[in-house]
Amino acid sequence: MLPSFAARPQGGGTAPCDERAVFTAVVYALTSGCVWRHLPPTFGTSPATAHRRFTVCIEAGLWRRLHRAVLDELGARGEVDWTSAIVDAASVRAKRGDR
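1. Side note on the side chain of T45
Then step 1. Of note, T45 is situated in the loop between α1 (19-32) and α2 (47-59).
Then step 2. Among the residues examined, T45 registers a relative accessible area of 10% and is labelled buried.
Then step 3. Setting aside residues up to four positions removed in sequence, T45 forms contacts with C17, A21, V22, A25 and A50.

2. Observations concerning the packing of aromatic side chains
The description of an aromatic ring pair uses the distance of the two centres, along with the angle that the planes make with each other.
Then step 1. For the structure on display, the rule yields four aromatic pairs.
Then step 2. Relative to W63, the ring of F23 lies with its centre 5.9 Å away and its plane at 15°, an arrangement referred to as stacked. You can see F23 sitting in helix α1 and its partner W63 sitting in helix α3 (residues 62-76), a full 40 residues away along the chain.
Then step 3. On the basis of relative accessibility, which here comes to 24%, the residue W63 falls in the partly exposed class.
Then step 4. Aromatic side chains Y28 and F43 sit 5.1 Å apart centroid to centroid with 45° between the ring planes, which places their arrangement in the tilted category. Taken together, the positions of Y28 in helix α1 and F43 in the loop between α1 and α2 put the pair 15 residues apart, joining distant regions of the chain.
Then step 5. Y28 gets classed as partly exposed once you look at its relative accessible area, which sits at 33%.
Then step 6. Taking the relative accessible area as the measure of exposure, F43 reaches 17% and is therefore buried.
Then step 7. Of the aromatic side chains, those joined through ring pairs into one cluster are F23, W36, F54 and W63.

3. Considering the pattern of salt bridges
Then step 1. For the structure on display, the rule yields four salt bridges.
Then step 2. The salt bridge partner of E73 is R77, with a shortest N-O separation of 3.2 Å.
Then step 3. When the shortest N-O distance is used, the salt bridge between R77 and E79 registers 3.8 Å.
Then step 4. Note on R77: relative accessible area 49%, which makes it partly exposed.
Then step 5. A residue is classified by how much of its surface remains accessible, and E79, at 48% relative accessible area, is partly exposed.

So, how was this worked out
Residues numbered from 1 in each chain as written. Predicted model: local features only at pLDDT ≥ 70, side-chain atom pairs only at ≥ 80, totals over all residues. Heavy atoms only, no water. Helix = DSSP H or I, 4+ residues; strand = E, 2+ residues; numbered from the N terminus. Buried < 20%, exposed > 50% of the residue type's maximum accessible area, 1.4 Å probe, protein only. Contact = heavy atoms within 4.5 Å. Phe/Tyr/Trp six-rings, centres within 6.5 Å; stacked < 30°, edge-to-face > 60°. Salt bridge = Lys/Arg side-chain N within 4 Å of Asp/Glu carboxyl O.

Okay, structure coming up:
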């Protein structure tokens with residue numbers, strides 16, 4: 001599901017990163033609340049690379065596809081309880097009209 005990354009046409013840059021390490025760093029930053037610039041060096045990728053790949057993943061729609069794949073897998077196993085849900089009002093467009 002991860003977007004593929006090709007060498008830059010203008011050349012230069014650094015050697016390709018381990019995609020799994022970059023993804024792990026991104027997930028760590030998202031789940032821990034860690035600021036990008038404070039990512040531990042143990043991930044083996046720079047904070048700038050992790051943030052850049054995060055942005056590319058957003059643009060490619062990865063997070064939505066990944067979320068759907070997890071829900072589909074859990075649903076197929078009967079491990080999703082659909083009796084309750086949370087709706088984020090910030091993502092639902094307000095209706096216009098009578099107040």
